[in-house]
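# Observations on chain architecture
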Amino acid sequence: MPETPATFAPAAPVFPPGRYGHRRAPRRRRPWVATLLVVALLAVLGAVSYRLYRQYGDPNYDAQVITYTEITESQLVLDFRVTVPAGGSAICVVRARSRDGVEVGREELRVTAEPGQRHLTVRHRLATTGRPILGEVVRCRPASE
């Protein structure tokens, strides 16, 4: 059997001269543009993270529900512990929910610690519009003086 020579395709297509116009030169890459965009994105993400941390994640203002009792059709009594900076005060948002998850009561209350005290226990009677099954502290934040 006779051998046929193998033909290799060229790396780039060969066009007849003058038939399809001229080929554009490859664009020069600009790595500094990509670097600048990455730095700007990181700065924006850092700013958003800082703002969200200040708004929702301040460990100096923490609350834990101890218990909720005296549940009736129109109220519940919520006992919770709040951690604030020594002698500071906080605004805490408390709420009650019904069996189907609907919020039936919500209130903001100010709690203030004695000088030198960081932890305080609060007992609050929360009025509701329906029968609650759950009482919770949504969040506590610094009280603006």
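So, here's what we can say about the structure. None of the values given here were measured: they were computed from a predicted structure. (Residues numbered from 1 in each chain as written. Predicted model: local features only at pLDDT ≥ 70, side-chain atom pairs only at ≥ 80, totals over all residues. Heavy atoms only, no water.)

This brings us to the nonpolar core. When a protein is soluble and globular, its nonpolar side chains tend to lie buried together. The biggest cluster of nonpolar side chains holds 19 residues, and the ones touching the most others in it are Phe-80, Val-82, Val-84, Val-94, Val-111, Leu-120 and Val-122. Breaking this core down by element, the ones donating at least two residues are strand S2 (75–83), strand S3 (89–97), strand S4 (103–112), strand S5 (119–127) and strand S6 (134–142). Not counting the four nearest positions on each side in its chain, Leu-120 is found in contact with Phe-80, Arg-81, Val-82, Val-84, Val-111, Thr-112 and Ala-113. (Core = buried A, V, L, I, M, F, W, Y, C linked by side-chain atoms within 4.5 Å. Buried < 20%, exposed > 50% of the residue type's maximum accessible area, 1.4 Å probe, protein only. Helix = DSSP H or I, 4+ residues; strand = E, 2+ residues; numbered from the N terminus. Contact = heavy atoms within 4.5 Å.)

Below, the discussion takes up the sheet that holds S6. Here 3 strands make up an open sheet; going across it, the order is S4-S3-S6 and the pairing antiparallel. This sheet does not close on itself; its edge strands, each paired only once, are S4 and S6. Taking the axes of each pair of neighbouring strands and ignoring which way they run, one obtains an average angle of 20 degrees across the sheet. Both S3 and S4 contribute to a ladder of 9 bridges, which runs antiparallel. Paired with Val-93 across the strands is Glu-108, a residue of S4. (Pairing = 2+ DSSP bridges. Axes fitted to C-alpha atoms, helices over the stretch in contact; angles between N-to-C directions.)

Together, Arg-24, Arg-27, Arg-28 and Arg-30 make up a positively charged patch on the protein surface. Mapped onto the secondary structure, Arg-24 falls in the segment before helix H1 (31–56). Exposure remark for Arg-24: the relative accessible area of 79% places this residue in the exposed category. (Patch = residues over 30% accessible without salt bridge, like charges linked within 9 Å, V, L, I, M, F, W, Y side chains within 5 Å. Areas by Shrake-Rupley, 256 points an atom, 1.4 Å probe, with all protein chains shown as cover. Salt bridge = Lys/Arg side-chain N within 4 Å of Asp/Glu carboxyl O. Lys, Arg positive; Asp, Glu negative; His and termini not counted. Charge placed at Lys NZ, Arg CZ, Asp CG, Glu CD.)

A surface patch of nonpolar side chains, amounting to about 440 Å² of accessible area, comprises Trp-32, Val-33, Leu-36 and Leu-37. As for its placement among the helices and strands, Trp-32 is situated in helix H1. Among the residues examined, Trp-32 registers a relative accessible area of 55% and is labelled exposed.

Turning next to the side chain of Gln-75. Of note, Gln-75 is situated in strand S2. For Gln-75, a relative accessible area of 18% corresponds to the buried category. Side-chain polar atoms of Gln-75 contact the side chain of Arg-125, separated by 3.1 Å. Those residues in contact with Gln-75 that sit more than four places away from it in its chain are Glu-70, Arg-125, Leu-126, Ala-127, Thr-128 and Pro-132. (Polar contact = N/O pair within 3.5 Å; in protein donor to acceptor, adjacent residues only side chain to side chain.)

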